[in-house]
Amino acid sequence: MSKYDVFELVTHLRKCPDIFLKPSSTLENEGLNSVALISDTYRLVCNDFLKKEFKIPSNFDLAYIEDNHWRAIHISIWLLSHPNFIKSDLIEDKLYDFWFEELSEASLYVKFKEWISDEERAEEMVRLLLHCCEITPEGENQDEAADKLSSLSSADRQKVLKQSYEAHERIMKIKKEMAEKKAREAANTYGRE
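This report concerns the structure included in the present document. (Residues numbered from 1 in each chain as written. Predicted model: local features only at pLDDT ≥ 70, side-chain atom pairs only at ≥ 80, totals over all residues. Heavy atoms only, no water.)

### Brief notes about the overall build of the chain
Within the chain, the regular secondary structure consists of nine helices and zero strands. The linear arrangement of helices and strands in the chain, starting from the amino end, is α-α-α-α-α-α-α-α-α. The C-alpha atoms of the chain give 23 Å as radius of gyration, which overshoots the globular expectation for 193 residues (16 Å, by more than 25%). C-alpha extents for the chain along the principal axes are approximately 95 × 45 × 25 Å. Per-residue burial for the chain yields a buried fraction of 40% across its 193 residues. The contacts in the chain between residues at least 6 apart in sequence include a share of 74% that link residues at least 24 apart. (Helix = DSSP H or I, 4+ residues; strand = E, 2+ residues; numbered from the N terminus. Rg over C-alpha atoms; globule rule 2.2 N^0.38 Å. Buried < 20%, exposed > 50% of the residue type's maximum accessible area, 1.4 Å probe, protein only. Contact = heavy atoms within 4.5 Å.)

Below, the structure is given as structure tokens:
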């Protein structure tokens, strides 16, 4: 087993058990206790099973997390159960940003099941976690890792699509204005004759 091999981590992620796909208990009574899962993952990562204080949003903020985002967090917790992340106390402080900022943004564009069913989305989650934890995947340098994450990023792809759409809209507006101007000129010419 190699340290932080992307293919190995993607393979592990895609074997996520169905139990992790359940909604959060903050949204449904039969759901998973997401806060307990997060706390247990912190304990596993830092290898301190008696620890009681963790960096978690307030109960008020937790109530506003969408179901799709919660399920993405659950799936990422499965990813963090990989042996490479156990007893990796250097990443403990970085998990909050991964779960509640980066994964929150990505979850706006990725349905939770795609993190497992789609090879590229699985790789995106793995690379997003490694990036947030400041870990360079095996066999890559920092620039290569950043380029690969950027090419997979759902948020970046959405921004490009939005910019493309806006550029198309501007072109269509200019064409419409030119056609209207040409029609007015033709009407003026016709009116003078």
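### Details of unusual backbone geometry
Although it is not a glycine, Tyr4 sits at a positive phi angle of roughly 55°. Looking at the element boundaries, Tyr4 is found in the segment before helix H1 (6–13). What makes Tyr4 buried here is its relative accessible area of 11%. A positive phi angle, near 60°, is found at Lys87, a position not held by glycine. Mapping Lys87 onto the fold places it in the loop between helix H4 (67–79) and helix H5 (95–107). By relative accessible area, Lys87 is classed as exposed at 58%.

### Some remarks on the nonpolar core
Residues Ile75, Phe85, Leu95, Trp99, Leu103 and Trp115 are the most contacted members of the largest nonpolar core, which totals 47 residues. For this core, the secondary structure elements donating two or more residues are H1, helix H2 (34–46), H4, H5, helix H6 (114–117) and helix H7 (119–132). (Core = buried A, V, L, I, M, F, W, Y, C linked by side-chain atoms within 4.5 Å.)

### Structural notes on the side chain of His12
Take His12: it is sitting in helix H1. With sequence-adjacent residues up to four places away left out, His12 is seen in contact with Trp78, Leu79, Ser81 and His82.

### Looking at H4
Three- or four-residue spacings in an α-helix give side chains the same orientation, since the helix completes a turn every 3.6 residues. Between its first and last C-alpha, H4 extends 19 Å over 13 residues, near the 18 Å set by a 1.5 Å rise per residue. Within H4, twelve of the 13 residues are buried, leaving the element largely enclosed by the surrounding structure. The complete set of buried residues in H4 reads Asn68, His69, Trp70, Arg71, Ala72, Ile73, His74, Ile75, Ser76, Ile77, Trp78 and Leu79. Of the surrounding elements, those touching the buried residues of H4 are H1, H2, helix H3 (59–62), H5, H6 and H7. (Expected span 1.5 Å × (residues − 1).)

### Considering the pattern of salt bridges
Where charged atoms of side chains with opposite charge meet at close range, the side chains can pair. Enumeration according to the criterion identifies eight salt bridges in this entry. Its salt-bridge partner being Asp40, residue Arg43 comes within 2.9 Å of it at the nearest N-O pair. Highlighted residues: Arg43 and Asp40, both in helix H2, separated by three residues, approximately one helical turn. Since its relative accessible area comes to 44%, Asp40 is described here as partly exposed. A salt bridge links Glu123 to Arg127; the nearest nitrogen and oxygen atoms lie 2.8 Å apart. Of this pair, Glu123 and Arg127 both sit in helix H7, four residues apart, roughly one helical turn. Exposure remark for Glu123: the relative accessible area of 22% places this residue in the partly exposed category. Salt bridges sharing common partners tie together Glu123, Arg127, Glu140 and Lys148. (Salt bridge = Lys/Arg side-chain N within 4 Å of Asp/Glu carboxyl O.)

Shape is all these values report; function is a separate question.
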